[in-house]
Amino acid sequence: MKEPFTRLFGLAEKEHEQVRQIPVEEIVPSPYQPRTIFNEDRIDELCQTIRLHGVIQPIVVRRKDRGYELIAGERRLRAVKKLHMTTIPAVVREMTDSQAASAALIENLQREGLTAIEEAHAYQKLIELHDLTQESLAQRLGKGQSTVANKLRLLQLPQAVQDELLKRTVTERHARALLALKDEELQLQVLHEILHKDLNVKQTEERIRKLLEKQEPKKKAKRKSYSRDLRIAVNTIRQSIDMVKQTGMAVETDEQEHEDYYELVIRIPK
């Protein structure tokens, strides 16, 4: 999956790339890293693996100033630093800023664990870097266009909601439900309720439905305007029907207004 995936963005790996040991202290983090939260438990697990088997897959870097800038392998680098190792195996590639950004984003999108909002930011950055449409990005990533579109819509939410997505205190389905509310204050109000009342997705959607119903303007009843002659005719018929009903007959009536005429049906039992 990885090779064709990167090739679609012009980032295919070169054969027989040389792996070298690079001083850890000379490597700076990637400014294009979409992942902002790292699970320390997972880092500790990786430390244990590296302690037993070493770094099996080299990281990828590019030359930057007097040292190196990380392109792919943030978790491995963090684990090596935690183990106080002085060097790490790495592949050095020549890349422009745009290529480095794309490679960092794609490397993370291929791995599990990105939050929905981190994924959305990665999609947006790739669209900007390669001047893509949502449809063309979806094709390159092998995803449905609706999947990409739904992720990107999350970027329309207030920063407070995005922060909670980042912390995984709300789910993507919670966040997508909030998009139905166009008022930011209402979005934040429901966010507060989700967090403090522990609302599930169904409860959140129901809460939003009720808020939307309150926002709908009440339809004013249209006052029907009839001509004087029509009012006299209809009232006369109604009075006659009332007189017949007073005799004990079960008279049924059905009145309907049409564009060109007023219909009054009278049913008198035999």
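Predicted model, so just to flag it, every value in this text is computed and none were measured.

S.K.: Sorry if this is basic, but what is going on with a nonpolar patch on the surface here?
M.R.: On the surface, a nonpolar cluster with roughly 320 Å² of combined accessible area is contributed by I237, M249, I266 and I268. By the secondary structure assignment, I266 is in strand β7 (residues 262-267). Using a relative accessible area of 40% as the deciding quantity, one classes I266 as partly exposed.

S.K.: What am I meant to see in helix α10 (residues 184-197) here?
M.R.: Since the α-helix turns once every 3.6 residues, residues separated by three or four places project in the same direction. With 14 residues, α10 extends 20 Å from end C-alpha to end C-alpha; this agrees with the ideal 20 Å at 1.5 Å per step. Inspection of α10 places L186, Q187, V190, L191, E193 and I194 among the buried residues, and these make up the whole buried set. Across the axial projection of α10, the buried residues extend over an arc of 160 degrees, all falling on one side. Turned more than 90 degrees away from the buried face of α10 sit E185 and H196, all of them exposed. At the N-terminal end of α10, a side-chain oxygen is found 2.9 Å from the backbone nitrogen of E185, two or three residues along, and the residue is D183. Downstream of α10 by a residue or two, D198 has a phi angle that is positive, lying close to 55 degrees.

S.K.: How do you make sense of the sheet that holds strand β3 (residues 59-64) when you look at a structure like this?
M.R.: Sheet strands line up and pair through hydrogen bonds in the backbone, either parallel or antiparallel. The mixed open sheet is built from 5 strands, whose spatial order is β1-β5-β3-β4-β2. Two strands close off the open sheet at either side, each with one partner strand: β1 (19-23) and β2 (27-28). Pairing of β1 with strand β5 (residues 87-92) involves 5 bridges; the strand directions are antiparallel. Within the sheet, the bridge partner assigned to Q21 lies in β5 and is P89.

Definitions and cut-offs
Residues numbered from 1 in each chain as written. Predicted model: local features only at pLDDT ≥ 70, side-chain atom pairs only at ≥ 80, totals over all residues. Heavy atoms only, no water. Patch = residues over 30% accessible without salt bridge, like charges linked within 9 Å, V, L, I, M, F, W, Y side chains within 5 Å. Areas by Shrake-Rupley, 256 points an atom, 1.4 Å probe, with all protein chains shown as cover. Salt bridge = Lys/Arg side-chain N within 4 Å of Asp/Glu carboxyl O. Helix = DSSP H or I, 4+ residues; strand = E, 2+ residues; numbered from the N terminus. Buried < 20%, exposed > 50% of the residue type's maximum accessible area, 1.4 Å probe, protein only. Expected span 1.5 Å × (residues − 1). Arc of directions from axis to C-beta. Polar contact = N/O pair within 3.5 Å; in protein donor to acceptor, adjacent residues only side chain to side chain. Pairing = 2+ DSSP bridges.

The quantities given are spatial measurements derived from coordinates; they are silent on function.
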